[in-house]
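# Breakdown of the fold
Each chain, letter by letter, is given below.
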Amino acid sequence: MKFIFVLSALLIFISTSYSQQSSLTKEDYLLKSRHKKTTAFVLLGSGAVLIGAGFVIANSASKGWDGLGQGLAGVALAGGGAVLAIVSFPFFMAADRNKKRAALLSIKSETNSYYSNGHVAMQYYPALSFKVRL
């Protein structure tokens, strides 16, 4: 009896877990693009600030063995900033890709002509248009 209860609970869970919708609208793609671009600018700005701070710290270190730790800390800080700046570029590319996907989807007004009562009439209706890249 316990096995049948667990099995039925598992089947109910599995049947509801595949009920997700994955279609994104134009606004969803634009929102994703804006979020990715904001993330990219934050990473790039943080990287630039860390690079600048690392150079300032490394240049202010005293010469010789006394300033070695401070100099290495500055170099490490500049290196971390460079890594952050490099990591920002995939976010810029993802933002551009989402913006292009949003541009491919649009809602426009289509026309349909039909014959009614001896004359041709036009009917307008909204249509979802998208472009397929080959």
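Source: prediction; values computed, not measured.

## Quick notes on the overall build of the chain
- In terms of helices and strands, the chain carries 3 helices and 2 strands.
- Order of helices (α) and strands (β) in the chain, N terminus to C terminus: α-α-α-β-β.
- Burial analysis of the chain (134 residues in total) assigns 16% to the buried set.
- In the chain, the share of contacts with a sequence separation of at least 24, taken over all contacts with a separation of at least 6, comes to 54%.
- Element-wise, carbon and sulfur atoms account for 67% of the exposed surface of the chain, whose accessible area totals about 10600 Å².

## Structural notes on the side chain of Ser-33
- By secondary structure assignment, the location of Ser-33 is in helix H2 (residues 26-60).
- For Ser-33, a relative accessible area of 6% translates into the label buried.
- Beyond its immediate sequence surroundings of up to four residues, Ser-33 is in contact with Ala-95, Asn-98 and Lys-99.

## Structural notes on the side chain of Asn-98
- Along the chain, the position of Asn-98 falls in helix H3 (residues 68-104).
- Since its relative accessible area comes to 4%, Asn-98 is described here as buried.
- Look past the residues within four positions of Asn-98 in its chain and what remains in contact with it is Tyr-29, Lys-32, Ser-33 and Lys-36.

## A look at the confidence of the model for the chain
- Chain-level statistics for the chain give a pLDDT mean of 82 and a share of 84% at 70 or above.
- Of all the helices and strands in the chain, helix H1 (residues 2-17) carries the lowest mean pLDDT, 72, while H2 carries the highest, 93.

## Examining H3
- Helix length check: H3 (37 residues) gives 55 Å between terminal C-alpha atoms against 54 Å at 1.5 Å per residue, within 8%.
- For H3, the complete set of buried residues consists of Gly-71, Gly-74, Ala-78, Gly-81, Ala-85, Ser-88, Ala-94, Ala-95, Asn-98 and Ala-102.

## Examining the packing of H2 against H3
- Put simply, H2 and H3 touch, their axes get as near as 7 Å, and they point 165° apart. By the criterion of interaxial angle, the relationship of H2 to H3 is roughly antiparallel. In this structure, H2 crosses over H3, and the sense of that crossing is left-handed.
- The residue makeup of the contact of H2 with H3, split by class, is 24 nonpolar, 12 polar and 6 charged.

Conventions used here
Residues numbered from 1 in each chain as written. Predicted model: local features only at pLDDT ≥ 70, side-chain atom pairs only at ≥ 80, totals over all residues. Heavy atoms only, no water. Helix = DSSP H or I, 4+ residues; strand = E, 2+ residues; numbered from the N terminus. Buried < 20%, exposed > 50% of the residue type's maximum accessible area, 1.4 Å probe, protein only. Contact = heavy atoms within 4.5 Å. Areas by Shrake-Rupley, 256 points an atom, 1.4 Å probe, with all protein chains shown as cover. pLDDT = per-residue confidence, 0-100. Expected span 1.5 Å × (residues − 1). Axes fitted to C-alpha atoms, helices over the stretch in contact; angles between N-to-C directions. Parallel < 35°, antiparallel > 145°, perpendicular 65-115°, else oblique. Left-handed = near helix turned anticlockwise from the far one by under 90°. Nonpolar A, V, L, I, M, F, W, Y, C, P; charged D, E, K, R; others polar.

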